[in-house]
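Summary of the model geometry
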Amino acid sequence: MPASILATKLYIPPPQAKVVLRPRLIEQLNKGLFSSHRLTLISAPAGFGKSTLVSEWIMSSGRPAAWLLLGENDNDPARFLIYLIGALQKISPNLGAGLLDALHASQPQAPPTEGI
């Protein structure tokens, strides 16, 4: 994983001690996983437990999963791809290595801040 990305954006939040279990929603996510659907969208206002639900589901599934926390500054396509590849490399370390090298080579270097 490249050193230029924030590793904290790639870690699945750990389970919390006092969490409301949602077996019906976990069952719905599992149905979506094994159906012909290609995408499951989880949408709710902030603070309604989306991340908690998905991290609980990931932990209970026993399947490999990539996690990427996106923010408002991640709307640049190259930056997004760098983070996406970084997340996927937690599952498969060599995945996208050539593309990642090319993306880093095309990114402008930050100006030096020493002496300012």
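Residues numbered from 1 in each chain as written. Predicted model: local features only at pLDDT ≥ 70, side-chain atom pairs only at ≥ 80, totals over all residues. Heavy atoms only, no water.

1. Digging into the overall build of the protein chain
Secondary structure summary: the protein chain contains four helices and zero strands in total. Going from the N terminus to the C terminus, the protein chain shows its helices and strands as α-α-α-α. Here the protein chain holds 116 residues, and the buried ones make up 21% of them. The long-range fraction of contacts in the protein chain, counting pairs at least 24 apart against all pairs at least 6 apart in sequence, stands at 60%. Of the roughly 8,800 Å² of accessible surface on the protein chain, 60% is carried by carbon and sulfur atoms. (Helix = DSSP H or I, 4+ residues; strand = E, 2+ residues; numbered from the N terminus. Buried < 20%, exposed > 50% of the residue type's maximum accessible area, 1.4 Å probe, protein only. Contact = heavy atoms within 4.5 Å. Areas by Shrake-Rupley, 256 points an atom, 1.4 Å probe, with all protein chains shown as cover.)

2. Re the packing of helix 1 (residues 23-33) against helix 2 (residues 50-61)
Running from N to C, helix 1 and helix 2 point in directions that differ by 65°, and their axes come no closer than 10 Å. Between helix 1 and helix 2 lies a crossing whose hand is right-handed. On the side of helix 1, the interface is formed by L25, I26, L29, N30 and L33, while helix 2 contributes L53, E56, W57 and S60. Its residues assigned to classes, the contact of helix 1 with helix 2 comprises six nonpolar, two polar and one charged. (Axes fitted to C-alpha atoms, helices over the stretch in contact; angles between N-to-C directions. Left-handed = near helix turned anticlockwise from the far one by under 90°. Nonpolar A, V, L, I, M, F, W, Y, C, P; charged D, E, K, R; others polar.)

3. Observations regarding helix 1
All buried positions along helix 1 are accounted for by I26, L29 and G32. Viewed along the axis of helix 1, the buried residues span an arc of 120°, placing them on a single side of the element. Turned more than 90 degrees away from the buried face of helix 1 sit P23 and R24, all of them exposed. (Arc of directions from axis to C-beta.)

4. A closer look at the side chain of K9
Here K9 is to be found in the segment before helix 1. Residue classification places K9 among the buried residues on the basis of a relative accessible area of 10%. One polar contact links K9 to D74, side chain to side chain, over a distance of 2.5 Å. Ignoring any residue separated from it by four or fewer positions in sequence, one finds K9 in contact with W67, L68, L69, L70, G71, D74 and Y83. (Polar contact = N/O pair within 3.5 Å; in protein donor to acceptor, adjacent residues only side chain to side chain.)

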